[in-house]
Each structure stands twice: as C-alpha cells, then as structure tokens.
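An overview of the molecular structure
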Amino acid sequence: MNLTKRIGGHDGLSAARHLLLMTALAAASLFGRAPDVLAQQQVQPDENLKELREDVRSLKEGMTAVQRELQEIKKLLSKQPVVAAAPANEAPREILLDLGGAPSKGDAGARLVLVEYSDYQCPFCSRYVRDTLPLIERDYIKTGKIKYVFRDFPLESIHPNALVASEAAACAGEQGKYWEMHDRLFGNQGALAVADMAAHARAVGVNQPNFQQCLAGGRHKEPIRKDMAEAISLGVSGTPTFFIGLASPDSSKVKVLRVMKGAGSYVNFKEVLDGALAALP
C-alpha cells in the first residue's frame, strides 16, 4: 500500500491524522465483522468449513495490514515539525520576508507582493496551479498590479520526490527557464523522480549537460532547506501557503499583511488582493 500517495495533501500532519482515524475505523469494522461471520458460518453444514477458514484467514491478513499501516503513520507523525501556526487566513504577527534571489514574475516595482510556499508533489498545489494561478496571472500579474514570488517548501516525509523537483526548477532557472520548468513539473506530478528530470529538461529547452551537472552537484539543496527552515519559523506547516505583503521600496523585504492557507478559489484570492490593493497609499 503506497502510504505516501494516500497521505499527500496541503498539510501532511492533518492528512496523516485523518488517515489514522479512518484506519482505526476500518480496524473496528473488521473486529466487528468477525463474530458475525463466525455466527453465520456456525449454522452452515460442515462442507462450509473451508469457506469459514478462508474468511478467518482474510480477516487476520486484513488486521495485520492495518496494524502495519498504523505503525507507519505513527512514524510519519513523529517526523512532522511542531510549529505555532497562525490561524488560517488571518492577519499574522509582524513578519518581514526577505525575498532576495527568489524566482518572481510580474512588475518588479509593484507595491503588493503575493508569495507562495509550495511543494511540487502536493496535489493541492497542482490544483491551484492548474485552476487558480492562470486567473491571478491574467488579472493581477500581467497587468502589473502585483509581483508574484515562489518559495520552495517540499514536504519530504510524505513527498519523497518534492526536493529534487525543487532543485530541478532552480537548475532550469539558471538558464532562464524557471517558470517553464515550474509549469512542467506541476503538470507531470507522476514523473518527478531523478530519472525523469532529463526528459523535463529537454521539454523546456535547457542545456542538458549544464542542467545535469547542476542537479547532480546539489548546489541548490541547501538554499532550499534554508528557505524551509525560515518558513517553519514563520508558521508554515503545509502547502500551499500564501503571504500577501507590501514591498519595501529600498530593499528585497516584504511586510506581510495577510496569510492564506490552502488552495483557495480564485474568488477567495480576488477578494483578498482587491482589498489589499484598495488599501494601498
């Protein structure tokens, strides 16, 4: 049973807890079924004894699988970072983000900045990229109303290929193809292993030897981990998470006005962005 696929989502901890509950309910169901099966079989002729034994064997195998999965989930939960997160979609404490060097698009001088912390293997993030981001790009990024910034937050404990995907995007970015690789990876979440990256690099048109050298050298791994550590200190615990803030006119820092958690609809983002734009001096 592929546990990493079943627990994927924008918040690894809450997803794992949900699966833990569902697995416990399944276990209870199995326990509850066993006496019923036995009671029904007791009134059957002896020739059904083989079928009874098969049912009991299946129940035992099911319970063994449930117990094994519970142990895996407990291990997963123990690896999750414990952070003091701000309530979803509420104004955070005083936060200054330093976005120097982070990939961005839109008007570099825009006062309002939308920062996304994301995971290339997160299905909720992919849904946002597919359904919501194109509308934000049409109405706010291309029109110069906001600057859009992407930050990596690969949840390695449940998405084992997310970190290498972040590295691949950064390596493509060295050749001016960051956003092309960004879109390519989110559009192919079933092919994010190291062995898949050469094909993605060819598809976006980067120089293969330089890309492979960058990826094999792992030179973007530590900067990505540094960004993750900073995000955790700010209360980011799942993906996607968004910070909306005001850009400092003389530095790369952004003063955060609002935090949004989860792959919200375009209507949600429009309400927040329009409100923030209306409040600008």
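See the structure printed just above.
Residues numbered from 1 in each chain as written. Predicted model: local features only at pLDDT ≥ 70, side-chain atom pairs only at ≥ 80, totals over all residues. Heavy atoms only, no water.

For helix H8 (residues 197–204), the complete set of buried residues consists of Met-197, Ala-198, His-200, Ala-201 and Val-204. The buried residues of H8 all sit within an arc of 160 degrees when viewed along its axis, so they share a single face. Residues of H8 that are buried make contact with helix H6 (162–173), helix H7 (178–186) and helix H9 (208–217). Of the residues trailing H8, Gly-205 is marked for its positive phi of about 85 degrees. (Buried < 20%, exposed > 50% of the residue type's maximum accessible area, 1.4 Å probe, protein only. Helix = DSSP H or I, 4+ residues; strand = E, 2+ residues; numbered from the N terminus. Arc of directions from axis to C-beta. Contact = heavy atoms within 4.5 Å.)

Quick look at the layout of surface pockets now. Space inside the largest pocket adds up to approximately 380 Å³. Along its surface, the largest pocket is lined by 19 residues, and Gly-101, Ala-102, Pro-103, Pro-223 and Asp-227 are the ones closest to its centre. Of all the elements in the fold, those that place two or more residues in the lining of the largest pocket are strand E4 (146–152), H6 and helix H10 (221–233). With five residues, the top contributor of residues to the lining of the largest pocket is H10. Residue composition of the lining of the largest pocket, by class: eight nonpolar, five polar and six charged. (1 Å grid on protein atoms, 1.4 Å probe; cavity = no way out; pocket = protein on both sides within 12 Å on 5 of 7 lines; lining within 4 Å. Points joined across faces, edges and corners; volume = space filled by probe spheres on them. Nonpolar A, V, L, I, M, F, W, Y, C, P; charged D, E, K, R; others polar.)

What follows concerns the state of the cysteines. By the definition in use, this model includes one disulfide. The disulfide partner of Cys-171 is Cys-214, and the S-S distance across this bridge is 2.1 Å. One disulfide, between Cys-171 and Cys-214, carries an S-S torsion of -80 degrees and so falls in the left-handed class. Of this pair, Cys-171 sits in helix H6 while Cys-214 is found in helix H9, placing the two residues 43 residues apart along the sequence. For Cys-214, a relative accessible area of 1% translates into the label buried. (Disulfide = S-S within 2.5 Å.)

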